[in-house]
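# A structural walkthrough
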Amino acid sequence: MSPLRRVVVVGASLAGLRAAEALRRYGYAGELVLVGDEPHMPYDRPPLTKQFLNDGWRPEQIALPIPPGLDITWRLGVPASGLDVADRAVRLADGARLHYDGVVLATGARARPWPGHPVPAGVRTIRGLDDAAAVAEALSRTRRLLIVGAGFLGGEVAAAARALGVAVTLVEHQEFPLLAQTGPHVGRFVAALHRANGVDLHLGSRVQGFTSNGRGELTGAELTDGTQVEAGLAVLALGATPNIEWLAGSGLVTDRGLVCDEHCRPLRDDRLPAPDAVAAGDLTRWPHPLAGNELISPGHWSNTVEQATAAARALLKPDTAPAYRPVPSFWSDLYGVRIRSVGLPHLADASEVVDHDPAAHRLIVAYHRNGPLVGALTANRTSQLVPYRAEIQRHLDSRRTRTRSVQD
Amino acid sequence: MTVIVDLNLCQNHGQCVYAAPEVFAFDEEETLTYQPEPPESQHDRVRAAVAACPVRAILVSEP
């Protein structure tokens, strides 16, 4: 049986909760402490940019269920401020110091802010429940919305706002939405979807600067393509940045994320895994064979769920836990069109359209890298992803990947 | 084990089909189909499918 008597999980969102559940499922019976910076119990984030904005969903509808018998000591509303790996303790911002026998690092990521200057009131980001509640409230008073960034989050906010009848200007610096993530075929498809739904889409353009009235409230923005946009609300959808600052001085390696090995263990400066520590969710980067063992950080729901489970297992059973080598997947819903993907399309050096039915909003795209399939994406054709996923899984299984340092 | 999927909640994320392909599948109309009473050899996979469903549409009752 496990010798651990106290496990501290830092982060009380999807990764932290699912890690806690898995710890209990794998037989851990000791004290289990969950630390979260937000005052809220764990909730699910995907609806924040969908039903929460346009269907009037309430916070209780996105609460993540807490299974009975989890027996968690909650420390909510207080961020972690430091980690002492040698002394095995988590420091909290309120001065508390939590000793641990095992720790799960799951502090996630936050919305990337506007670089540089202060922004007028009415320029917002969405990452948490409070952000989404503020945007939902502002949307009810706004007729014109500006969204900066046409990625998954920006696209979903655009779709939600259009469903409410709000005029939307969507600005994307790439030539197509999602170009770096999914390539030009999907980019064109998504751009057409936005335009068919009345979005004023500006591609290859950026916000030069926001404009405001005498009270410091947003009135619009000037774009680099010369357009003057009028807007009472702006949502920045510029991607996410991992919450790793609290780990400064811990001796753990950070590089645009917390660098982990294939067993969800964070690495120390000496490139050995830190003892009694694992990590999961959007703060992590780890080597994946599909990426030629380069570090990846998918930043999607399914990875968080699977990685949290793998991390819990690695903490409790370090000698027998298998390498974490998933076939990642992600999805997005835009104007009722179901976009679903498996693998890592962003790695591809070639992609092909297998099927495209514009009238039915159906699309199948396959992605290859140096020959082998590395990903596939469908719109309204999820059934067709199954064989692609199986092929990627076979490809992964056929590789006998050694556990290796990221410095190899 | 008895499995019920709330098809009003299901949004074809496909995660259950990946987790337990012998129990869950899509038909030609992109509708999810499933075995309501899967054999015991599939129970662990079904539990994994429950955990993987983003909209918690799969309900399992175990005696």
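The rules behind the values
- Residues numbered from 1 in each chain as written.
- Chains lettered and ligands numbered in written order.
- Predicted model: local features only at pLDDT ≥ 70, side-chain atom pairs only at ≥ 80, totals over all residues.
- Helix = DSSP H or I, 4+ residues; strand = E, 2+ residues; numbered from the N terminus.
- Rg over C-alpha atoms; globule rule 2.2 N^0.38 Å.
- Buried ≥ 20, exposed ≤ 12 C-beta atoms within 10 Å, placed from the backbone.
- Contact = placed C-beta atoms within 7 Å.
- Nonpolar A, V, L, I, M, F, W, Y, C, P; charged D, E, K, R; others polar.
- Core = buried A, V, L, I, M, F, W, Y, C linked by C-beta atoms within 7 Å.
- Axes fitted to C-alpha atoms, helices over the stretch in contact; angles between N-to-C directions.
- Parallel < 35°, antiparallel > 145°, perpendicular 65-115°, else oblique.
- Left-handed = near helix turned anticlockwise from the far one by under 90°.
- Pairing = 2+ DSSP bridges.

## What to know about the overall build of chain A
Check the secondary structure of chain A and you find seven helices and 26 strands. Its C-alpha atoms give chain A a radius of gyration of 22 Å, near enough to 22 Å, the size a compact globule of 408 residues would have. In terms of principal-axis extent, the alpha carbons of chain A reach across some 60 × 55 × 40 Å. When the 408 residues of chain A are sorted by exposure, 49% land in the buried category. Taking the intrachain contacts of chain A between residues at least 6 apart in sequence as the baseline, contacts between residues at least 24 apart amount to 62%.

## Topic: the interface of chain B and chain A
Interfaces are often described in size by the accessible area the parts lose on coming together. Taken together, the contact between chain B and chain A spans 12 residues of the former and 14 residues of the latter. Listed by contribution, the elements that provide at least two residues to the side of chain B that touches chain A are α1 (15–19) and α2 (43–52) of chain B. Among the residues forming the side of chain B that touches chain A, the class breakdown is six nonpolar, five polar and one charged.

## Points about the nonpolar core
Residue and element names in this part refer to chain A. Grouped together as the largest cluster of nonpolar side chains are 67 residues, with contacts concentrated most on A19, V104, A279 and A311. Considering each element in turn, this core owes the most residues, nine residues, to helix α6 (residues 301–316). The next biggest cluster of nonpolar side chains, apart from the first, holds 66 residues, and it includes I147, A150, F176 and F330.

## Structural notes on the environment of G102 of chain A
Residues and elements named next belong to chain A. The residue G102 is located in strand β7 (residues 102–105) in this model. Sequence separation between G102 and V9 is 93 residues, and the spatial gap between their C-alpha atoms is 8.6 Å. Not counting residues up to four positions away in its chain, the partners in contact with G102 are L4, V7, D276 and L315.

## What to know about the packing of helix α1 (residues 14–25) of chain A against α6 of chain A
Packed helices, taken two at a time, are described by their axes: the angle between them and the distance between them. All names here are of chain A. It is at 8 Å that the axes of α1 and α6 come closest, and there the two elements cross at 40°. In terms of orientation, α1 and α6 fall into the oblique class. Helix-helix and strand crossings are classified by hand; for α1 and α6 the assignment is right-handed. Note on element contacts: α6 touches α1 through W301, T304, V305, A308, T309, A311, A312, R313 and L316, opposite L14, A15, R18, A19, A22 and L23.

## Some words on the sheet that holds strand β16 (residues 233–236) of chain A
Residues and elements named next belong to chain A. One open sheet holds the five strands; their spatial order is β9-β16-β10-β11-β12, and the pairing between them is parallel. What marks the edges here is a single partner per strand, and that holds for β9 (123–125) and β12 (200–203). Across the sheet, the mean angle separating the axes of adjacent strands is 20° when strand polarity is ignored. Across the sheet, helix α3 (residues 129–139) lies against β9, β10 (144–148) and β16, angled at about 140° from β9, the strand it touches most.

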